[in-house]
Each structure stands twice: as structure tokens, then as C-alpha cells.
Amino acid sequence: MDAREAALLALNDCQRQGGWSDAILKKRLADNRLDSRDSALTTQLCFGVLQNRLLLDFYLSHFSNLPLKRMEGKVAEALRLGVYQMLFLEKIPHSAAVNTSVELTRKHCKNPRAPGMVNGILRSLERNIDHLPTVPQNDPVSYLSTLYSHPEWLVRELLTVLGSEETARLLAANNGPAPITAMVNIAKTTMEELSAALEEEGVQTRPHPWLANCLILSKTGSLERLSTFRDGLFYIQDPASRLAVLALDPKPGMKALDCCAAPGGKSFAAAIRMEGTGEVISCDLHPHKKKLIQAGADRLGLKSITPMTADGKAFRPEWENVFDRVLVDAPCSGLGVIRKKPDIRYKDPAPLTDLPRVQRAILDNAARYVKPGGVLVYSTCTLLRRENEEVALGFLSDHPAFQAEGFPLPQYAGDARTGMLTLWPHRQGTDGFFICKLRKEE
């Protein structure tokens, strides 16, 4: 199996199973044991089609008499793969893009006429590649939605906050690659030592421009193959998540609670910041996540972390007024991590309407665990105000014992003097993320 076939099957799995593209792609690559070159191309093809699906469909609709939604799933994906390669991958000849899509259709699709149809559509598009139809600009919502392949409802919400020019920059950033950022386990090594060790393993590194003890990695291949990773010298975490722990400001000897912890990165950052002293209770609702957190803590040598299975909405009397620091990284729509999960933009928005209620329930419950004088941090990886500022402001209105408190940030990370901070992919280069720091009165 080659890269294009693996990409076709991964894309079809995403459509048919409704799973997350990153997990589906990882499984497909592992099952087919592709080498690093084919794995990289498979990832580029799969993510590229998902990142540009609405635009690809717009072009295909002008060269096909049959709507894509009426085609067999694998036929539609083969067409998208073909046109994506022609429009976005300059090193691949157009003839190769067309021929491989036709062959994939012949191999995987039931309709015997499908290969001829795919060939005709892609050949016609190729002949007109320098004169493709332009995306209509009369409606800014529809225009940006098609051009950057984001749903109209999301574009509409972003326009009200950012305006058209900055919304376009955000959508373009969402369609770009997310940097791989490694947090140095300073309990075991230094940034300089880790960088040198990674370079010896063939990984290119450079310091993050504004976050200490953070390296940007490239040419990593599989992380699990790296002895530096297996030895627990670093863990992967977006800088935005690290800033949530900086806002939490756990200190050595404290007792900290991470309410929605899996896969554990913020708990790891807190334990390292606490110099291995005190205790970090690291909770998740799903039992299998407990093993995931424990495995990460063991790899990093963090003995102060205690993983637990717990429902963030269910009150535990024994925890009332016990913790110096409580972090609620709440379940959310995830629309700040579109770079890493490009298909998240296409999910049905209807179930999202109940998320603020769930988020408030967890936050209200977690507030009871904070000691007088302690800190509660609320964070999400979304950019929707109703899941971010509105939840935080509603909480403050109902909990007069808590006040928003500003927190210092590295230069260029933003301004958190109000106690609330939104991070944007096109501004800070991080995941889209919201952080609110709340102090409980003495």
C-alpha cells in the first residue's frame, strides 16, 4: 500500500466512522507500516484534503454533472485527492495525480463506471487549471467559508469578533501546520543538553521564540523511536497549555488538582514546576485515561502525580477546601485546535450548545475544592466566547468569593492583566486557547 491509497482509506474512514482524523491516520499508518517518506505524504494528503475540502468541492462541482454527495464515498475522496495534488502539490505531475486517482477508484469502488467518471472530471479540470472559476465575493461569510473551508456558522461567529481581515488570517493559520513543541523535563535535563541529544538522533530543533524550556522540533519521525523521548527528557505540549500552568502558578510543596487532565500534559508541567514535591491529583472521567496519565508520569519520572478516575461534576466532600491550586481544563468544542484536527470544523454544531452548561457545572464543583486564598484556573482549547468569557463571567457573578486576577506572561504571549487571556493561532502561533485565573478570598 502506498501513500495515496492509505490517504484515501483514512479519508473514507473519517467520513464513514466519524472519528478524529489524527487518530484514524495514526492507526492507518501503523497498520500499513509505511516508511517515513510515505507516512509524511499520507499525512500531507489526508490533512490537505480535509483542510481544503469545501474549496476542492467548489472546483469539482464545476466539472461534474453529478453532485459529490450523490457519489460513493471513496469516489468523492479519490476526486478530492486528485484535485488537491494538482492545486497544492507542485512536485507531483498532474498526470500522476489523475492516474493514481483513477487507479484507486478502480481498485476500491463498486461502480464499474466510476473510474471513467473520475478520469473525465479530473482531465477536464486539468485542461482548465489556469482558468478555474473564482469564488464569489458578494457574501463575505460564504466567500471566506469556501476559500478557507470552514463552515459558515463558524465564520459568522469569528467575523463578529475579529472582522474580515483578521478572520481571514485566522482561517489561513488553521489550514497551516502546527509546530511540534517539546517541553523540556528540567527535572532530568536542560534545554541545551536536550537539543544536542535530539540533534544526534536526527531531529532538528530551535528554541521557542518566547517560551522558556521549549523547543520547536522538525524531522522527528515517530517520537516513540527517540531515546530522548523514551527516557522522559521531554513531553509534547502546545505553549498555550503551558501558559495555563503558568497562570495556575503551583509552587513546591503545594497540593494541586487537575480536574480534566488526560493526556496529562498540564499535570506534568505542574509537577515539574513544583520540583517533585507536594502532590498533583490528576483526574479524568474515563478509566482508561488513568493508565495513559500514569504511563506519561512514569516515563518522565514524576512521582508526585496521582492519577484518578473522577467525574468533574460530582462533588467529593473529602476534597472541600483542600487544594492550593485547582485547574479546570474543561471539555469544549475544540475549535482552537483545528490545525491538529482539521475535520473538527465539519462536526455537527448542534451538540455544542450544551457545552457551557457542562463547563459551568465542572467549574462550580471545582471551586469548592479551592482553599481560601487559593487559585482556580479555567481554560479551554476553543475560541467561542460562549464557552470562554461568558462561562467565566457567569461564574464570577455567582461566586463573589472569587475574583479574576491578572498573571504575568512571557513577552509576546499577550496581556493577561484582566485575569483573562485568549490565544490565537494567527497571533501567538499557539493553539486557540482561553485562560482565566480566579483567586479565592482568604
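Predicted model, so just to flag it, every value in this text is computed and none were measured.

How each quantity is defined
Residues numbered from 1 in each chain as written. Predicted model: local features only at pLDDT ≥ 70, side-chain atom pairs only at ≥ 80, totals over all residues. Heavy atoms only, no water. Helix = DSSP H or I, 4+ residues; strand = E, 2+ residues; numbered from the N terminus. Buried < 20%, exposed > 50% of the residue type's maximum accessible area, 1.4 Å probe, protein only. Contact = heavy atoms within 4.5 Å. Core = buried A, V, L, I, M, F, W, Y, C linked by side-chain atoms within 4.5 Å. Axes fitted to C-alpha atoms, helices over the stretch in contact; angles between N-to-C directions. Parallel < 35°, antiparallel > 145°, perpendicular 65-115°, else oblique. Polar contact = N/O pair within 3.5 Å; in protein donor to acceptor, adjacent residues only side chain to side chain. Pairing = 2+ DSSP bridges. Expected span 1.5 Å × (residues − 1). Arc of directions from axis to C-beta. Phe/Tyr/Trp six-rings, centres within 6.5 Å; stacked < 30°, edge-to-face > 60°. Lys NZ or Arg CZ within 6 Å of the ring centre and 35° of its normal.

(A) Here's a closer look at the environment of Cys109. Along the chain, Cys109 turns up in the loop between helix H6 (94–108) and helix H7 (114–127). Here Cys109 falls in the buried class, since its relative accessible area comes to 11%. For Cys109 and Ser64, which are 45 residues apart along the polypeptide, the C-alpha to C-alpha distance reads 18 Å. If sequence neighbours within four positions are ignored, Cys109 has contacts with Glu72, Lys74, Val75, Leu104 and Ala114.

(B) How the structure looks around the nonpolar core. If you look at the biggest cluster of nonpolar residues, it comprises 46 residues, and the most contacted ones within it are Leu60, Val75, Leu79, Leu81, Met86, Leu122 and Leu125. Broken down by secondary-structure element, the contributors of at least two residues to this core are helix H1 (3–17), helix H2 (21–32), helix H3 (36–51), helix H4 (53–61), helix H5 (73–88), H6 and H7. Element by element, the count of residues in this core is highest for H5, at eight residues. Apart from the residues lying within four places of it in its own chain, the contact partners of Leu60 are Leu68, Leu79, Arg80, Val83, Ile121, Leu122 and Leu125. Within the second largest apolar cluster, 37 residues are counted, among which are Ile293, Ala297, Phe433 and Ile435.

(C) Representation of the packing of H3 against H5. Relative orientation of the contacting elements H3 and H5 amounts to 100°, with a least axis distance of 10 Å. For the element pair H3 / H5, the angle class is roughly perpendicular. Facing H3, whose interface residues are Gln44, Leu45, Gly48 and Val49, H5 presents Glu77, Arg80, Leu81, Tyr84 and Gln85.

(D) Highlighting the side chain of Ser282. Structurally, the position occupied by Ser282 is in strand E6 (residues 279–284). Its relative accessible area of 0% is what places Ser282 among the buried residues. Reaching out from Ser282, the side chain makes a polar contact with the side chain of Ser267 at a distance of 2.8 Å. Excluding anything up to four places from it in sequence, Ser282 contacts Asp258, Ala261, Ser267, Ile293, Ile305, Thr306, Pro307 and Met308.

(E) Structural context of the sheet that holds strand E1 (residues 180–184). Ordered by their spatial adjacency, four strands build an open sheet running E2-E3-E1-E4, and the pairing between neighbours is antiparallel. Bordering the open sheet on either side are strand E2 (204–207) and strand E4 (234–236), each of which pairs with just one other strand. Ignoring which end each strand starts from, the neighbouring axes of this sheet average 35° apart. Pairing geometry for E2 and strand E3 (residues 214–218), over four bridges, is antiparallel. Across the sheet, the residue bridging to Arg206 is Ile216, located in E3.

(F) Region of the structure containing H6. Between its terminal C-alpha atoms H6 stretches 21 Å, which fits the 21 Å expected from 15 residues at 1.5 Å a residue. Among the residues of H6, those classed as buried are Ala97, Val98, Ser101, Val102, Leu104, Thr105 and His108. For H6, the buried positions fall inside an angular range of 160° around the axis, keeping them on one side. Buried positions along H6 lie against H1, H5 and H7.

(G) Main features of unusual backbone geometry. Cis geometry is adopted by the peptide bond preceding Pro263, which originates at Ala262 and carries an omega value of 5°. Residue position: Pro263 is located in the loop between strand E5 (255–258) and helix H13 (265–273). Unlike most non-glycine residues, Asn213 shows phi in positive territory, near 55°. Its place among the elements puts Asn213 in the loop between E2 and E3. Located in the positive-phi region is Tyr412, a residue other than glycine, with phi close to 75°. Along the polypeptide, Tyr412 turns up in the loop between strand E10 (402–404) and strand E11 (420–423). Residue classification places Tyr412 among the exposed residues on the basis of a relative accessible area of 60%.

(H) Just the packing of aromatic side chains, in detail. In total, this model carries nine aromatic pairs according to the counting rule given. Aromatic pair Trp319 and Tyr369: ring centres 5.4 Å apart, planes at 85°, arrangement edge-to-face. A residue pair is termed long-range when its members are at least 10 positions apart, and Trp319 in the loop between strand E7 (305–309) and strand E8 (323–329) and Tyr369 in the loop between helix H15 (355–367) and strand E9 (370–380) qualify at 50 residues. Considered together, Trp319 and Tyr369 belong to a single accessibility category, that of buried residues. An aromatic cluster is defined as three or more aromatic residues linked by ring pairs; in this entry it consists of Phe315, Trp319, Phe323 and Tyr369. Lying over the aromatic face of Tyr346, Arg53 brings its terminal NZ or CZ to 3.9 Å of the ring centre. Seen from the ring of Phe315, Arg368 lies directly overhead, with NZ or CZ sitting 3.5 Å from the centre.

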